[in-house]
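# Remarks on the overall topology
Each chain, letter by letter, is given below.
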There are 2 protein chains.
Amino acid sequence: MSDQKVLSGQKRPGGRSARVREAVRQATLAELAEHGYGGLTVENVAARSGVHKTTVYRRWGGVEGLIADALELAREEPWPVPDTGSLRGDLRALAVLVQSSFPDAIASAFVAAAMQNEAAARALRAFYEARHRQAAQIVRRAVDRGEVGPGVDAEELVRLAVAPVFARLFVTREPVTREDAIRAADAALAAALAGVLG
Amino acid sequence: MSDQKVLSGQKRPGGRSARVREAVRQATLAELAEHGYGGLTVENVAARSGVHKTTVYRRWGGVEGLIADALELAREEPWPVPDTGSLRGDLRALAVLVQSSFPDAIASAFVAAAMQNEAAARALRAFYEARHRQAAQIVRRAVDRGEVGPGVDAEELVRLAVAPVFARLFVTREPVTREDAIRAADAALAAALAGVLG
DNA sequence: GCACTAACGCAACTGGAGTTGCCTTTGAGC
DNA sequence: GCTCAAAGGCAACTCCAGTTGCGTTAGTGC
């Protein structure tokens, strides 16, 4: 069914195929932003991109593949890792970044997609792995400054700082304020200083 | 479209209507357990329950209504609030409970459903509000024992203890071990003892 | 126990997502 | 610049979720 191998191992990466892929990727993101994951259909993506729907079905295999491909695109994009000069400030900025960027329909569409199909789940996991790895430099800088001991698990601290925001946004569905995000970051820092993270 | 008012304000709660509702509720849970949210269709629920699909569409309005109704049912069910004798033990038990119960397809189906439609999201939020309120007694008991100060935000501490588990399970899609859950609980406790939660 | 109507069952219909067979275009290799 | 196969376009089809109009059943109230 799904033949996503084709997406990475193009036999003809040069001309039309590349253009088609780009058009479909952009159309997918636009559709996600407008209608969310539930409203994402191959037909709409095909119409918006100017690519025939048969082609989309053949190369992406359906909605699943579109999401996975768009996620791959998103992962490659750079993002600003906070650098405020202090660990507390960085963690707070990170948590607030997550809190404020997720009303964005695209981001939550990705999470919704991952709940429904395995390909999207794998892609999302890879996405966050990359993010966590990058965000860990916040902690490494703090270690260099002597703010925390070198034994602390950097990525774990990052996860801990943003986890409450994620849980509220996606699981318990509570509204999340900027203050909630800051408190989550502070709690994570307190736990790290208490030695819970190694 | 959706006419869920009918579900609570039955004109004929006595006989057939009640039986139909119960049959559909059970069928919905069974279908969710087997096929998850993505595989939940009105037709299958109708077939399994022995109720005609037209009836299901009219009373529940579609998949959305089925989910919301099933969630209401789940909320009413009692669950065992941990009571190990210490706050640390209770929080750990709580986090492990969440970690171990969520490979359960029904639970994650609810979360998936909430991502896609507003009715399910409202129902899920009410569900977790009830759970958090009940779990808060863990903290109140600890206050009585003098383990933490009376100023600590009880529900917030509960949320903090389970949030990393939720985030891993549903957002970043990482595998979650029992040790991860325990560490999350310990981190929340450390934050509370450090005075971050009020 | 009788009438009345809310609620359920039924079958036929609608619409759109996904599939298939065939033809046309395009770019890679020589 | 010519050839050839991979990739895209097209139209017609299937299939199934969701809808509608109408007939049937069974609680409720008297």
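Just above, that's the structure.
Scope of this entry: the structure provided in the associated data block. Each residue is numbered by its place in its chain's sequence as written, counting from 1. All chains are assigned letters beginning with A, and all ligands numbers beginning with 1, in the order in which they are written. Residue-level local features of this predicted model are given only where pLDDT is at least 70; pairs of side-chain atoms are given and counted only at 80 or more, and the full residue set underlies all totals for whole chains, interfaces and linings. Water and hydrogen atoms play no part in the side-chain values, which are based on all heavy atoms of the structure.

### Some details on the overall build of chain A
- A run of DSSP states H or I qualifies as a helix once it reaches four residues; a run of E qualifies as a strand once it reaches two. Both are numbered from the N-terminal end. Helix and strand counts for chain A come out as ten helices and zero strands.
- The order of helices and strands in chain A, counted from the N terminus, is α-α-α-α-α-α-α-α-α-α.
- Dimensions of chain A, computed from the C-alpha atoms along their principal axes, are close to 55 × 35 × 25 Å.
- Working definition: with a 1.4 Å probe on protein chains only, accessible area under 20% of the residue-type maximum means buried, over 50% means exposed, and in between means partly exposed. Expressed as a percentage of its 198 residues, the buried residues of chain A come to 52%.
- Here, two residues are considered to be in contact whenever any of their heavy atoms come within 4.5 Å of each other. For chain A, long-range pairs separated by at least 24 residues make up 67% of all intrachain contacts whose partners lie at least 6 apart in sequence.
- Methods summary: accessible areas were calculated by the Shrake-Rupley approach with a probe of 1.4 Å, and residue burial reflects only the protein chains presented. As presented, chain A carries roughly 9200 Å² of accessible surface, and 50% of it is formed by carbon and sulfur atoms.
- With 26 positive and 24 negative side-chain charges, chain A shows a spacing of 6 Å between the two charge centroids. In summary, the charge assignment counts Lys and Arg as positive and Asp and Glu as negative, without counting His or the chain termini. The location of each charge is read from NZ of Lys, CZ of Arg, CG of Asp or CD of Glu.

### A look at the protein's contact with DNA strand C
- Put simply, a residue is near a molecule or strand once any heavy atom of it comes within 4 Å of that molecule or strand. Neighbouring residues of DNA strand C: 24 residues in total, closest A:Lys53, A:Tyr57, B:Thr55, B:Arg58 and B:Arg59.
- If you look at DNA strand C and keep only atoms within 4 Å of the protein, 56% of those are sugar or phosphate atoms.
- A distance of 2.8 Å separates a phosphate oxygen of DNA strand C from a polar atom in the side chain of B:Thr55.
- N or O atoms closer than or at 3.5 Å make up a polar contact, with two conditions inside protein: a donor-capable atom paired with an acceptor-capable one, and, for residues adjacent in sequence, both atoms drawn from side chains. A distance of 2.5 Å separates a base oxygen of DNA strand C from a polar side-chain atom of B:Arg58.
- Contributions of two or more residues to the surface near DNA strand C are made by α2 (16-35), α3 (42-49) and α4 (53-60) of chain A together with α2 (16-35) and α4 (53-60) of chain B.

### Describing the packing of aromatic side chains
Residues and elements named next belong to chain A.
- Any Phe, Tyr or Trp ring, taking Trp's six-membered ring, that has another such ring centre within 6.5 Å forms a pair; planes under 30 degrees apart are called stacked, those over 60 apart edge-to-face, and the others tilted. Within this structure, the stated rule accounts for six aromatic pairs over all chains.
- Note on Tyr128 and Phe166: the rings are 5.6 Å apart at their centroids and 75° apart in plane angle, and the pair reads as edge-to-face. Linking Tyr128 in helix α8 (residues 118-145) with Phe166 in helix α9 (residues 154-172), this pair joins segments that are 38 residues apart in sequence.
- Overall, the relative accessible area of 2% leaves Phe166 in the buried class.
- The structure contains a cluster of three or more aromatic residues connected by ring pairs, namely Phe127, Tyr128, Phe166 and Phe170.

### Some details on the interface of chain B and chain A
- With 35 residues of chain B at the contact, the number on the chain A side is 35 residues.
- Ranking the residues of chain B by area buried against chain A places B:Met115, B:Val171 and B:Arg173 at the top, with a combined share of 23%.
- Within this document, salt bridges are pairs made up of a side-chain nitrogen of Lys or Arg and a carboxyl oxygen of Asp or Glu, the two lying within 4 Å of each other. Scanning the region where chain B abuts chain A turns up six salt bridges.
- Where chain B touches chain A, the interface holds eight residue pairs in polar contact (both at pLDDT 80 or more).
- Sorting the residues of the side of chain B that touches chain A by element identifies α7 (105-116), α8 (118-145), α9 (154-172) and α10 (178-193) of chain B as the ones contributing at least two each. What gets called buried area is simply the loss in accessible area from a 1.4 Å probe that two parts show on being joined, summed for both.

### Considering the packing of helix α7 (residues 105-116) of chain A against α8(A)
All names here are of chain A.
- Packing of α7 against α8 leaves a shortest axis separation of 6 Å and a crossing angle of 130°. The angle between α7 and α8 falls in the class oblique. The way α7 lies across α8 gives a crossing that is left-handed. The residues of α8 that touch α7, namely those facing Phe110, Val111, Ala113, Ala114 and Gln116, are Glu118, Ala120, Ala121 and Leu124.
- Its residues assigned to classes, the contact of α7 with α8 shows seven nonpolar, one polar and one charged. Only C-alpha atoms enter the line fits that serve as axes; for helices the fit covers just the stretch in contact. Angles between N-to-C directions range over 0 to 180 degrees. Small angles under 35 degrees read as roughly parallel and large ones over 145 as roughly antiparallel, with 65 to 115 read as roughly perpendicular and the rest as oblique. Helix crossings get a hand from a simple test, with the near helix turned counterclockwise from the far one by less than a right angle marking a left-handed crossing and a clockwise turn marking a right-handed one. Three classes are used, and their members are as follows: Ala, Val, Leu, Ile, Met, Phe, Trp, Tyr, Cys and Pro are nonpolar, Asp, Glu, Lys and Arg are charged, and the others, Gly among them, are polar.

### Quick word on helix α3 (residues 42-49) of chain B
Residues and elements named next belong to chain B.
- Along α3, the positions that sit buried rather than exposed are Val42, Val45, Ala46 and Ser49. In a view along the axis of α3, the buried residues occupy a sector of 100°, so they form one face of it.
- Contacts made by the buried residues of α3 are with α2, α4 and α5 (63-76).
- Gly50 occupies a position one or two residues after α3 and carries a positive phi of about 80°. An arc is given here, and it is the one of the directions from the helix axis to the C-beta atoms.

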